[in-house]
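Residues per chain, in single letters:
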Amino acid sequence: MVGKPWETDISVYDDEGALLAGLRRRDRLACTCLLKRYAPALYRLALRLTGEPDDAEDVLQESFIRACDHIAEFEGRSGLATWLHRIVLNTALMHLRRRKDRQVPLDESVDDDHSSLAETLPSDLPDPGGAALTSELRETVERALLALPDTLRLAFVLRDLEGLSTREAAAALGIGESALKVRLHRAHLALRAALAPYLQEVAITDAGRHS
Amino acid sequence: MTVAPPDPHCRELAALLVAATDDEQAEALLRAHVATCHACTSAENALASLVRRYREAEQPPLAASLEQRLLAQLCGSPPR
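Residues numbered from 1 in each chain as written. Chains lettered and ligands numbered in written order. Predicted model: local features only at pLDDT ≥ 70, side-chain atom pairs only at ≥ 80, totals over all residues. Heavy atoms only, no water.

**Focus: the overall build of chain B**
Link 1 in the chain: In terms of helices and strands, chain B carries four helices and zero strands.
Link 2 in the chain: Seen in sequence order, chain B has helices and strands lined up from the N terminus as α-α-α-α.
Link 3 in the chain: When burial is assessed residue by residue, chain B has 41% of its 80 residues classed as buried. (Helix = DSSP H or I, 4+ residues; strand = E, 2+ residues; numbered from the N terminus. Buried < 20%, exposed > 50% of the residue type's maximum accessible area, 1.4 Å probe, protein only.)

**As for the environment of Leu66 of chain B**
Link 1 in the chain: With respect to the helices and strands, the residue Leu66 of chain B is situated in helix α4 (residues 64-75).
Link 2 in the chain: Along the primary structure Leu66 of chain B and Val34 of chain B are separated by 32 residues, whereas in three dimensions their C-alpha atoms are 42 Å apart.
Link 3 in the chain: Each residue touching Leu66 of chain B, except ones within four places of it in the same chain, is listed here: Tyr43 and Glu57 of chain A. (Contact = heavy atoms within 4.5 Å.)

**Some words on the packing of helix α3 (residues 53-69) of chain A against α4 of chain B**
Link 1 in the chain: For the pair α3 of chain A and α4 of chain B, interaxial distance at closest approach is 11 Å and the crossing angle is 35°. Crossing handedness for the pair α3 of chain A and α4 of chain B: right-handed. Of α4 of chain B, the residues touching α3 of chain A (which contributes Glu57, Leu60, Gln61, Phe64 and Ile65 of chain A) are Leu66, Arg69, Leu70, Gln73 and Leu74 of chain B.
Link 2 in the chain: Grouping the constituent residues of the contact of α3 of chain A with α4 of chain B by class yields six nonpolar, two polar and two charged. (Axes fitted to C-alpha atoms, helices over the stretch in contact; angles between N-to-C directions. Left-handed = near helix turned anticlockwise from the far one by under 90°. Nonpolar A, V, L, I, M, F, W, Y, C, P; charged D, E, K, R; others polar.)

**Things to note about α4 of chain B**
Link 1 in the chain: The end-to-end C-alpha separation of α4 of chain B is 16 Å, in line with the 16 Å expected for twelve residues at 1.5 Å each.
Link 2 in the chain: Among all positions of α4 of chain B, only Leu66, Glu67, Leu70, Leu71, Leu74 and Cys75 of chain B are buried. What you see down the axis of α4 of chain B is that its buried residues fit within an arc of 130°, all on one side.
Link 3 in the chain: On its buried side, α4 of chain B packs onto α2 (28-50) and α3 of chain A.
Link 4 in the chain: Gly76 of chain B occupies a position one or two residues after α4 of chain B and carries a positive phi of about 60°. (Expected span 1.5 Å × (residues − 1). Arc of directions from axis to C-beta.)

**Here's the deal with helix α2 (residues 23-36) of chain B**
Residues and elements named next belong to chain B.
Link 1 in the chain: In this model α2 runs 20 Å from its N-terminal to its C-terminal C-alpha over 14 residues, within 8% of the 20 Å that 1.5 Å per residue would give.
Link 2 in the chain: Every buried residue of α2 is listed here: Ala26, Glu27, Leu30, His33 and Val34. For α2, the angular spread of buried residues about the axis comes to 130°, placing them on one side. Along α2, the residues that are exposed and aim more than 90 degrees away from the buried face are Glu24, Gln25, Arg31, Ala35 and Thr36.

**Some remarks on the pattern of salt bridges**
Link 1 in the chain: Inspection of every chain in the model, using the stated rule, returns 16 salt bridges over all chains.
Link 2 in the chain: With its nearest N and O atoms 2.7 Å apart, the salt bridge here joins Arg69 of chain B to Glu57 of chain A. Taken together, the residues span two chains, with Arg69 of chain B in helix α4 and Glu57 of chain A in helix α3.
Link 3 in the chain: On the basis of relative accessibility, which here comes to 38%, the residue Arg69 of chain B falls in the partly exposed class.
Link 4 in the chain: For Glu57 of chain A, a relative accessible area of 11% puts it in the buried group. (Salt bridge = Lys/Arg side-chain N within 4 Å of Asp/Glu carboxyl O.)

**Here we look at unusual backbone geometry**
Link 1 in the chain: Despite not being glycine, Arg26 of chain A has its phi angle at roughly 65°, a positive value.
Link 2 in the chain: Position of Arg26 of chain A relative to the elements: it lies in the loop between α1 (16-24) and α2.

**Focus on the packing of helix α9 (residues 177-194) of chain A against α2 of chain B**
Link 1 in the chain: The N-to-C vectors of α9 of chain A and α2 of chain B enclose an angle of 45°; their axes lie 8 Å apart at closest approach. Considering the angle they form, α9 of chain A stands oblique to α2 of chain B. Crossing angle aside, the handedness with which α9 of chain A passes α2 of chain B is left-handed. Counted together, Ser178, Ala179, Lys181, Val182 and His185 of chain A of α9 of chain A and Asp23, Glu24, Ala26, Glu27, Leu30 and Val34 of chain B of α2 of chain B form the full contact between these two elements. (Parallel < 35°, antiparallel > 145°, perpendicular 65-115°, else oblique.)

**A short note on empty space enclosed by the protein**
Link 1 in the chain: For the coordinates displayed, the defined rule picks out two cavities of 30 Å³ or more.
Link 2 in the chain: As a volume, the largest cavity reaches approximately 50 Å³.
Link 3 in the chain: At the level of elements, α7 (150-161) of chain A together with α3 (38-56) of chain B are the ones that each hand at least two residues to the lining of the largest cavity.
Link 4 in the chain: Per-element tally for the lining of the largest cavity: the top contributor is α3 of chain B, with four residues.
Link 5 in the chain: In terms of residue class, the lining of the largest cavity is made up of nine nonpolar, no polar and no charged. (1 Å grid on protein atoms, 1.4 Å probe; cavity = no way out; pocket = protein on both sides within 12 Å on 5 of 7 lines; lining within 4 Å. Points joined across faces, edges and corners; volume = space filled by probe spheres on them.)

**Topic: the packing of aromatic side chains**
Residues and elements named next belong to chain A.
Link 1 in the chain: Per the counting criterion, the structure on display carries one aromatic pair over all chains.
Link 2 in the chain: Look at Phe74 and Trp83: their rings are 4.9 Å apart centre to centre, the planes differ by 45°, and that puts the pair in the tilted class.
Link 3 in the chain: A relative accessible area of 18% means that Trp83 is categorised as buried. (Phe/Tyr/Trp six-rings, centres within 6.5 Å; stacked < 30°, edge-to-face > 60°.)

Encoded structure:
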């Protein structure tokens, strides 16, 4: 029976080795599995990097095409997820450079270009208590993150969320390490202001857990 | 433990950074400030804790419409 790709049972490729073999055979089902398994996390990464849903979708599409085209070159030294992660990161940075070239320069002043995105996220204040991050609080963090100007958001995402070293993050952005650190501090200040009520609760929860 | 929103002094520091042209000097200024500012230390610790939870949180699924668009674009016609 022939079905739509989004209705496909992907359990046939649960094993990463089998999935890789399928991708190398250009099996369309393997491509579907690849996307269904990894796209959610990679989309969030692309969105955090680009700050725009449409750009994130473009980056994700370009990244998957690139991954499928170069799957033969994947040597398996890192996991498939790590490899895809790196492709999305590089693709997003290239996308941002192109965007910078054709639009206004990356400006560090806060603007309201993200108002349309903010409208797509819920605005109810979450209960920040508890150790686990609720979906509402996660969305609040993302909204604060996406409201940052590109330069500050990229420094924060690469260094604090993606765990790149200062040197790696600075190199990825084509700036010096000191500049990266200053942007990171400024991103922290902006996030502290945006998330102040939640940080208060986090501090109280953490203090209670350690007492 | 309490975390105060950025106090006026921290805001002043942030404002100074906007005008700073020497990144190394600005970084040294920031580092010295954060090391001695209780509000900044508490807030930085709380932010680090929140970021850690954010990183560890489960990823939400893709919106169905987005997944369908991507699958149609990347996988084309249904697998056989």
